[in-house]
Amino acid sequence: MAMLAELKCTVCQAGALPLDDAQIKEYLADLPDWSVKEENGIKKIWRIFKFKDYRSVLDFTNQVGLLAEEQDHHPVLITEWGKVTVIWWTHKINGLHDNDMIMAAKTDLLYTL
């Protein structure tokens, strides 16, 4: 995962093909705490991060937000007491792209209990 987390997001062009199931499975081997779910035919990668208090939840949410701005790739962040749900996918292609996997790995590096 460290190698994946060291990569930088690239510009995704409209019309690029989303990752196929085999590619997703290969990435998930390096992202064992992440899951793929499909909503309205769009595959997304998601993970729930748990915390002991709300302050930690807010700090993590802000760190992910800053990372997203830095990489110009933005997730859905659901911030609740004790947990943050992070969902990555690429809107331009209505599916998963290498960038989503890179960002999942980078998000993992931000997480400390």
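Because the structure is a prediction, the values reported are computed rather than measured.

Parameters and conventions
Residues numbered from 1 in each chain as written. Predicted model: local features only at pLDDT ≥ 70, side-chain atom pairs only at ≥ 80, totals over all residues. Heavy atoms only, no water. Salt bridge = Lys/Arg side-chain N within 4 Å of Asp/Glu carboxyl O. Buried < 20%, exposed > 50% of the residue type's maximum accessible area, 1.4 Å probe, protein only. Phe/Tyr/Trp six-rings, centres within 6.5 Å; stacked < 30°, edge-to-face > 60°. Helix = DSSP H or I, 4+ residues; strand = E, 2+ residues; numbered from the N terminus. Pairing = 2+ DSSP bridges. Axes fitted to C-alpha atoms, helices over the stretch in contact; angles between N-to-C directions. Contact = heavy atoms within 4.5 Å. Core = buried A, V, L, I, M, F, W, Y, C linked by side-chain atoms within 4.5 Å. Expected span 1.5 Å × (residues − 1). Arc of directions from axis to C-beta. Polar contact = N/O pair within 3.5 Å; in protein donor to acceptor, adjacent residues only side chain to side chain.

1. Concerning the pattern of salt bridges
Evaluation of the coordinates by the stated rule reveals seven salt bridges. Across the salt bridge formed by K37 and E39, the nearest N and O atoms sit 3.7 Å from each other. On the basis of relative accessibility, which here comes to 31%, the residue K37 falls in the partly exposed class. Of the residues examined, E39 reaches a relative accessible area of 30% and is grouped as partly exposed.

2. Things to note about the packing of aromatic side chains
In the structure shown here, the tally under the stated rule is six aromatic pairs. Ring plane angle 45 degrees and centroid distance 4.8 Å describe the contact between F49 and F60, whose orientation is recorded as tilted. Note that F49 is positioned in strand β2 (residues 42-50) and F60 in helix α3 (residues 54-71), a separation of 11 residues in sequence. The pair formed by F49 and F60 is uniform in burial state, with each residue classed as buried. Aromatic pair F60 and Y111: ring centres 6.0 Å apart, planes at 75 degrees, arrangement edge-to-face. Of the two residues, F60 is situated in helix α3 and Y111 in the segment after α4 (98-110); the sequence distance between them amounts to 51 residues. Owing to a relative accessible area of 19%, Y111 belongs among the buried residues under this scheme.

3. Description of the sheet that holds β2
Strand order across the open sheet formed by four strands is β1-β2-β4-β3, with antiparallel pairing between neighbours. The open sheet has two edge strands, β1 (35-39) and β3 (76-80), and neither has a second partner. Strand-to-strand twist across the sheet, computed as the mean angle between neighbouring axes with direction ignored, equals 25 degrees. Sheet strands in contact with α4 are β2 and β4 (83-88), and its direction is about 0 degrees off that of β2.

4. Examining the nonpolar core
The biggest cluster of nonpolar side chains holds 29 residues, and the ones touching the most others in it are L31, W34, I45, F60, W88 and M101. For this core, the secondary structure elements donating two or more residues are α1 (2-6), α2 (21-28), β2, α3, β4 and α4.

5. Observations concerning α3
For α3, built from 18 residues, the straight-helix expectation of 26 Å at 1.5 Å per residue is met to within 8% by its first-to-last C-alpha distance of 26 Å. Restricting attention to buried positions, one finds in α3 the residues V57, F60, T61, V64, L67, A68 and Q71. Seen along its axis, α3 keeps its buried residues to an arc of 125 degrees; they face one direction. Residues of α3 that are exposed and point over 90 degrees away from its buried face: R55, N62, L66, E69 and E70. Where α3 is buried, its residues meet β2, β3, β4 and α4. Looking at where α3 begins, the residue whose side-chain oxygen comes 3.3 Å from the main-chain nitrogen of R55 is D53.

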